[in-house]
Amino acid sequence: MEGTALLQVQDVWLAFGGVQALRGVSLEARKGEILAIVGPNGAGKTTLINAICGHYHPQRGRILFKGQDITRWRPHRIAALGIARTFQNLALFRGMTVLDNIMLGRHVRMRSNALACALYWGPAQREEIRHREVVERIIDFLEIEHIRKMPAGALPYGLQKRVELGRALALEPELLLLDEPMAGMNLEEKEDMARFILDVQEEMGIGIVLIEHDMGVVMDISDRVIVLDLGEKICEGKPEEVANDPRAIKAYLGEAVSPRRG
């Protein structure tokens, strides 16, 4: 059901030595919505994503996915549960083809043992066919059929970002965490990526948590916005509310930003 809470972050505190990266952060990400998390550099945005994915474990607080406490889970278990992510810096295998990079996103869904996979026989062969069908649908969805056999490292930056989105979608997640998916893109590439993110939300019904510095994009495509500053959540609301919130303006926006979506 759209609007149902998928992710709940409850009073999470996380420190590295004497540096307090997160200070009692709480939020809720819902099925079928785009929740944007914004804030200045060092606000704790990527740290929060890493805590949700199990790369960091908070000293206090809880993280729940569909009501299940995943605070201490390891990353592969969290991925198998239905949480996928992209990275602030590209994490593709540059020498591998686009198809093979996206196929890697299926690894937590693969069940055949190593010997069967090596022999490509019986159940392993049938399983690979099923996984390939999922990947081919994603390739069509992202309009990258023409580059499917090209090495990922030979592609323009914007297309590499699209391939990384495809690899995350290959996990068939219920929640997608996007860490600055438009960083380093030109205007045309940003418009393409924004369109695909909206299509993921509207056609697949996937909940999305978006970290993004381009406030025009955030205001255009987000359903709700959370502002972090120095590890604390300072405000939350609809894009137009946050754009005019004095706390957000002082900490990050600098001036009111008018949403253009709808």
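Details of the structure are given in the entry above.
So, how was this worked out
- Residues numbered from 1 in each chain as written.
- Predicted model: local features only at pLDDT ≥ 70, side-chain atom pairs only at ≥ 80, totals over all residues.
- Heavy atoms only, no water.
- Pairing = 2+ DSSP bridges.
- Helix = DSSP H or I, 4+ residues; strand = E, 2+ residues; numbered from the N terminus.
- Contact = heavy atoms within 4.5 Å.
- Axes fitted to C-alpha atoms, helices over the stretch in contact; angles between N-to-C directions.
- Parallel < 35°, antiparallel > 145°, perpendicular 65-115°, else oblique.
- Left-handed = near helix turned anticlockwise from the far one by under 90°.
- Nonpolar A, V, L, I, M, F, W, Y, C, P; charged D, E, K, R; others polar.
- Buried < 20%, exposed > 50% of the residue type's maximum accessible area, 1.4 Å probe, protein only.

(A) Geometry of the sheet that holds strand β4 (residues 60–65). Read from one edge to the other, the open sheet built from 4 strands follows the order β2-β1-β4-β5, with strand pairing classed as antiparallel. Whereas interior strands pair on both sides, the edge strands pair on one side only; in this sheet they are β2 (19–30) and β5 (68–69).

(B) Summary view of the side chain of Arg162. Following the sequence through the fold, Arg162 ends up in helix α6 (residues 157–169). With residues near it in sequence (within four places) discarded, Arg162 still touches Leu142, Glu143, Ile144, Asp192, Met193 and Phe196.

(C) Focus on the packing of α6 against helix α7 (residues 187–204). Here α6 crosses α7 at 15 degrees, and the two axes come no closer than 10 Å. By the criterion of interaxial angle, the relationship of α6 to α7 is roughly parallel. Between α6 and α7 lies a crossing whose hand is right-handed. Taking contact as the criterion, the partners of Gly158, Lys161, Arg162, Leu165 and Leu169 in α6 are, on α7, Glu189, Asp192, Met193, Phe196, Val200 and Met204. Split into classes, the residues belonging to the contact of α6 with α7 amount to 6 nonpolar, 1 polar and 4 charged.

(D) Quick look at unusual backbone geometry. In the Ramachandran plot, Glu143 falls in the positive-phi region, its phi being about 60 degrees despite a non-glycine side chain. The topology assignment puts Glu143 in the loop between α5 (123–141) and α6. Relative accessible area serves as the criterion here: at 40%, Glu143 is assigned to the partly exposed category. Here Glu180, not a glycine, exhibits a phi torsion of approximately 50 degrees, which is positive. Examined against the element boundaries, Glu180 turns out to sit in the loop between β7 (175–179) and α7.

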